[in-house]
Amino acid sequence: MKKSLILSVLLSFSIFSFSQDKESEQTTTVAPKPSNTSLVKSVKWGVRGGLNISNLDFDEEINFENKHRNSFYFGAFASIQFSKTMSLMPELQFSGEGAKAEPLQLDYIQMPILLGFKLSNKVDVLVGPQIGLKVHKEGDQANNLGYSGVVGVEYRINYALFVDARYTYGFRNVFDDSLGISAKNRNFQIGIGYKL
């Protein structure tokens, strides 16, 4: 009788212990794993600035000298990394454009939104649209808004410092239609930037 009682107590303890082990295994395996499904891998911020070489591309022959304008640009941007090879770069910049003659000088606050494609560890190609708001002058019979396309290349010197070059071509007439003259902005930028 004692032997069967001891045996049944031992058997119940072993069954109880076994069931506890099974429950702890189930709770550890059922626990959800954190998932990293975010599209954005990283976000960096930066500034850039440099030299503008711009001109107006007139649709018709003009009877005055149309020399290029040397000016400057500066701005701030974000670099939103989606993958190792692709990023999005929204930017806000001041850019002095137009032509050399004072009545043809047009300054803009611009917002390019560029896609960046990595060609190598050091080189990215940039492409995208840009919208610009004319500033500084009133009553010059120029449109207040401009739309452009941008292509560029960026070369990383180190983890934070880079040089870049961009070409911008306007899609919209810079002058008011009532003026009867049609011209598009052309601009080449070369400069340096810092990104963290």
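Above this note sits the structure.
Residues numbered from 1 in each chain as written. Predicted model: local features only at pLDDT ≥ 70, side-chain atom pairs only at ≥ 80, totals over all residues. Heavy atoms only, no water.

## Remarks on the pairing of strand S3 (residues 86–98)
Direction of pairing for strand S2 (residues 69–81) relative to S3: antiparallel, over a ladder of seven bridges. Bridging from a neighbouring strand, Ile 80 pairs with Leu 88 of S3. Hairpin connection of S2 to S3: four residues between the antiparallel strands. Of the strand pairs in this sheet, S3 and strand S4 (residues 105–118) are connected by 11 bridges, and their pairing is antiparallel. Residue pairing for S4: Met 86 is matched across the bridge by Phe 117. The turn linking S3 back onto S4 is made up of six residues. (Pairing = 2+ DSSP bridges. Helix = DSSP H or I, 4+ residues; strand = E, 2+ residues; numbered from the N terminus.)

## Considering unusual backbone geometry
With phi around 60°, Gln 141 is a residue other than glycine that occupies positive phi space. Along the chain, Gln 141 turns up in the loop between strand S5 (123–135) and strand S6 (145–156).

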